[in-house]
4 protein chains.
Amino acid sequence: MSAAQESFEWPVRVYVEDTDAGGIVFYANYLKFFERARTEWVRARGISLRSGLEEGISFVVHSLQMQYHQPAYLDDQLGITADLITVGRSYMVFRQQAWRQGDNTLLASGEVKVACVQLPAGRPRKFPEALKAVLQVPVTANHHQ
Amino acid sequence: MSAAQESFEWPVRVYVEDTDAGGIVFYANYLKFFERARTEWVRARGISLRSGLEEGISFVVHSLQMQYHQPAYLDDQLGITADLITVGRSYMVFRQQAWRQGDNTLLASGEVKVACVQLPAGRPRKFPEALKAVLQVPVTANHHQ
Amino acid sequence: MSAAQESFEWPVRVYVEDTDAGGIVFYANYLKFFERARTEWVRARGISLRSGLEEGISFVVHSLQMQYHQPAYLDDQLGITADLITVGRSYMVFRQQAWRQGDNTLLASGEVKVACVQLPAGRPRKFPEALKAVLQVPVTANHHQ
Amino acid sequence: MSAAQESFEWPVRVYVEDTDAGGIVFYANYLKFFERARTEWVRARGISLRSGLEEGISFVVHSLQMQYHQPAYLDDQLGITADLITVGRSYMVFRQQAWRQGDNTLLASGEVKVACVQLPAGRPRKFPEALKAVLQVPVTANHHQ
């Protein structure tokens, strides 16, 4: 696998919807791909975003930085990694990468700081206990479509 | 103006986000454009979608049909029309068109049936009185950016 | 499986990017899901959209109709079907459905007429021979993520 | 105006398409808004992205960083600023902000480094002369819809 051994990785196929008139994946769409991988990272730990929402608990991105290394094209099969690198009382920082699987090329990399908030006001809140518990446990998973 | 005299029309510029690797506007994005024009049609009648949402009133698309006549390209300035052609107890049908303003070309046309629903269950409900009142009154507006 | 035995079906997970402030999947996004299933239907027959693009051959949607039956929610696992129901000299008509796999509910259904065109002018053209050949051969495939 | 006097600013309305199930604008969509403002910044200097594309000249994002301060909601009227803060031989860095106009609140801010590339290979190239010329000239413009 392209990513480091311990990385969580989620497969993403590039469809027409993801591309733009430059013939490549539109830059904002990597944030969709990264968010899919973070969602599956959470799901792999048995946590449901939706049941969180039903209790008014949501996760919002606080800040991020991205580097775009190489473009992705229509039909590319990507692997999107998500590694939790820092955990605070109410936030997590993920390091994420997008790899093209055909030629093992790093396409984009970044760090995303996600805060736990209470709806509807959206104020920061402590992680729910269920999530806090699993954040201590490393889960290694490489899912392949 | 390209549309019939009585049509409500809203301007939409084509950005990179709207295009795909074929160099044209991705077909699903016309539904975004049509929805923007319907939202502005409603707003022009003094109705706020957001205050509706706060009362659990929402609008969902029941069905639609679309014809794609000519492609739109990056930087095109479009005019999106919305004409209310049928009103029921809990639904409205809009006829909508997308025109390119530079050469007065019809790009896409369709009909969209929108139902009023009560959240969270999403069951059909009568229009709120405020909306029902304005649905009787034709509003002609041509907004230009 | 929810769809008829012979249907091609492709799995789609609902992510935050697909939902809207009404708490459901935004209506335009079903067209993305349908397009993903058509793309995989073509790929399952050994045809690459991208190599088509490189020869200036593209596929554009000519027209469509959609019915929205029930909403889809965050985290839902969907199955998107694609059945070729008509083939012409330069067009195909697909019947497509979106099912929720948890409770076997039909969420949306539609028909999409896709035309083969020659870039950059975008004029209708005959199907390339490779595609024409496979269009005669039924391929039954149910892919699961 | 909310932004500093000299900033270029472009209006963006929040539609249903921009929101997510958390009731706020999805984080990736600010990159769409920022890109619209950069496009209009370029257009205000008489440069057409599309004619660039026709000559194989494109602009790709090299890197970016974003801070999300406050959420935006359905129907919000935003002002998106774009300020050129650095110009190199083949790249530009923009400082950008998203403001809500109703209560003059800063919602998001970031810096985006954009590189000029030659298609189809996508290698960095010098700015075309026409663009280089206008990059020296400050253009102050506040456009309102």
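The numbering scheme is per chain: residues are counted from 1 as the chain's sequence reads. Chain letters start at A and ligand numbers start at 1, both assigned in the order the entries are written. Thresholds applied to this predicted model are a pLDDT of at least 70 for local features of residues and 80 or more for the giving and counting of side-chain atom pairs; totals over whole chains, interfaces and linings are not thresholded and use all residues.

## Details of the overall build of chain A
Looking only at helices and strands, one finds 3 helices and 6 strands in chain A. In this description a helix means any DSSP run of H or I spanning at least four residues, a strand means any run of E spanning at least two, and both kinds are numbered starting from the N terminus. Reading the helices (α) and strands (β) of chain A from amino to carboxyl end gives β-α-α-β-β-β-β-β-α. For 145 residues, the compact-globule estimate of 2.2 N^0.38 gives 15 Å, and the C-alpha radius of gyration of chain A, at 16 Å, lies within 12% of that figure. C-alpha atoms of chain A, sized along the principal axes, occupy 40 × 30 × 25 Å. For the exposure call, what matters is how many other C-beta atoms sit within 10 Å of a residue's own: 20 or more marks it buried, 12 or fewer exposed, and in between partly exposed, using C-beta atoms placed from the backbone. Burial analysis of chain A (145 residues in total) assigns 46% to the buried set. Sequence separation of at least 24 residues holds for 67% of the intrachain contacts in chain A that already meet a minimum separation of 6. Our radius of gyration looks at C-alpha atoms and nothing else; its globule reference is 2.2 Å times the residue count to the power 0.38. By the convention adopted here, residues make contact when the C-beta atoms placed from their backbones lie within 7 Å.

## With respect to the interface of chain A and chain C
How big an interface is tends to be stated in terms of accessible area lost as the parts join. Of the residues lining the interface, 15 residues belong to chain A; the matching set on chain C comes to 15 residues. Of all the secondary structure elements, the ones that give two or more residues to the side of chain A that touches chain C are helix 1 (29-43) and helix 2 (49-54) of chain A. When residues in the side of chain A that touches chain C are grouped by element, the largest group, 4 residues, is from helix 1 of chain A. Ten residue types, Ala, Val, Leu, Ile, Met, Phe, Trp, Tyr, Cys and Pro, are classed as nonpolar, four, Asp, Glu, Lys and Arg, as charged, and the remainder, Gly among them, as polar. Grouping the amino acids of the side of chain A that touches chain C by side-chain chemistry returns 6 nonpolar, 3 polar and 6 charged.

## Comments concerning the relation of the copies chain D and chain A
Here the copies are matched by least squares. The fit uses the C-alpha atoms of residues with pLDDT of at least 70 in both. Between chain D and chain A, which share one sequence, the superposing operator has a rotation angle of 180 degrees and an axial displacement of 0.0 Å; the RMSD is 0.0 Å. Such values leave the two copies arranged in the relation of a two-fold axis. By C-alpha distance to the rotation axis, the residue of chain D lying nearest is D:Gln65, at 2.0 Å.

## Digging into the interface of chain D and chain A
In this assembly, 22 residues from chain D lie in contact with 22 residues from chain A. Every element with two or more residues in the side of chain D that touches chain A is listed here: helix 1 (29-43) and strand 2 (57-68) of chain D. Tallying contributions element by element places strand 2 of chain D first for the side of chain D that touches chain A, with 10 residues. Of the residues contributing to the side of chain D that touches chain A, the split by class is 13 nonpolar, 8 polar and 1 charged. Both strand 2 (residues 57-68) of chain A and strand 2 of chain D contribute to a ladder of 5 bridges, which runs antiparallel. In the strand pairing of strand 2 of chain D, A:Met66 is matched with D:Leu64. Strands were regarded as paired on the criterion that DSSP finds at least two bridges between them.

## Observations regarding helix 1 (residues 29-43) of chain C
Note on helix geometry: an α-helix contains 3.6 residues per turn, so any two residues three or four positions apart are oriented the same way. The span you would expect from a helix comes to 1.5 Å times its residue count less one. Taking 1.5 Å as the rise per residue, helix 1 of chain C with 15 residues should run 21 Å; its terminal C-alpha atoms sit 21 Å apart, in good agreement. Burial of helix 1 of chain C is extensive: 13 of the 15 residues sit out of reach of the surface.

## Some details on the pairing of strand 4 (residues 91-100) of chain D
Residues and elements named next belong to chain D. Looking at chain direction, strand 3 (residues 77-87) and strand 4 are connected through 9 bridges and run antiparallel. Pairing of Asp 83 across the sheet is with Arg 95, part of strand 4. If you look at the hairpin formed by strand 3 and strand 4, you'll find 3 residues sitting between the two strands. With 10 bridges connecting them, strand 4 and strand 5 (residues 105-118) associate as antiparallel partners.

## Some thoughts on unusual backbone geometry
Residues and elements named next belong to chain B. A positive phi angle, close to 80 degrees, is found at Asp 75, a residue other than glycine. Along the chain, Asp 75 turns up in the loop between strand 2 (57-68) and strand 3 (77-87). Residue classification places Asp 75 among the partly exposed positions, given that 19 C-beta atoms sit within 10 Å.

## Points about the relation of the copies chain A and chain C
By a simple turn and slide, chain A fits onto chain C: the slide is 0.0 Å along the axis, the RMSD is 0.0 Å, and the turn is 180 degrees. Comparing interface residues between copies, 100% of those in chain A also sit at the interface in chain C, which points to an isologous, same-surface contact.

## Some words on the environment of A:Val16
With respect to the secondary-structure elements, A:Val16 resides in the loop between strand 1 (8-13) and helix 1. The sequence separation of A:Val16 and A:Ala108 amounts to 92 residues, and the corresponding C-alpha distance is 19 Å. For A:Val16, the contacting residues outside a window of four places in its chain are A:Leu74, B:Asp20, B:Ala21, B:Phe26 and C:Glu35.

## Remarks on the nonpolar core
Formed by 171 residues in total, the largest nonpolar core has its most connected members in A:Tyr30, B:Tyr30, C:Tyr30 and D:Tyr30. For D:Tyr30, the residues in contact, after removing those within four places along its chain, are D:Val25, D:Met66, D:Ala98 and D:Ala108. The nonpolar core criterion groups buried Ala, Val, Leu, Ile, Met, Phe, Trp, Tyr and Cys residues into a set whenever they are joined through C-beta atoms within 7 Å.

## Some words on the confidence of the model for chain A
The predictor rates its confidence in each residue with pLDDT, a number between 0 and 100. For chain A, mean pLDDT is 89; residues scoring 70 or higher make up 90% of the total. Prediction confidence for the complex, expressed as pTM and ipTM, is 0.91 and 0.89 respectively.

## Things to note about the environment of D:Val61
Looking at the element boundaries, D:Val61 is found in strand 2. Considered as a pair, D:Val61 and D:Cys116 are 55 residues apart in the sequence and their alpha carbons are 8.8 Å apart. Beyond its immediate sequence surroundings of up to four residues, D:Val61 is in contact with A:Tyr27, A:Tyr68, D:Val112 and D:Val114.

## Brief notes about the environment of A:His62
All names here are of chain A. Within the secondary structure layout, His 62 lies in strand 2. The class for His 62 is buried, based on 20 C-beta atoms found within 10 Å. For His 62 and Val 112, which are 50 residues apart along the polypeptide, the C-alpha to C-alpha distance reads 7.7 Å.

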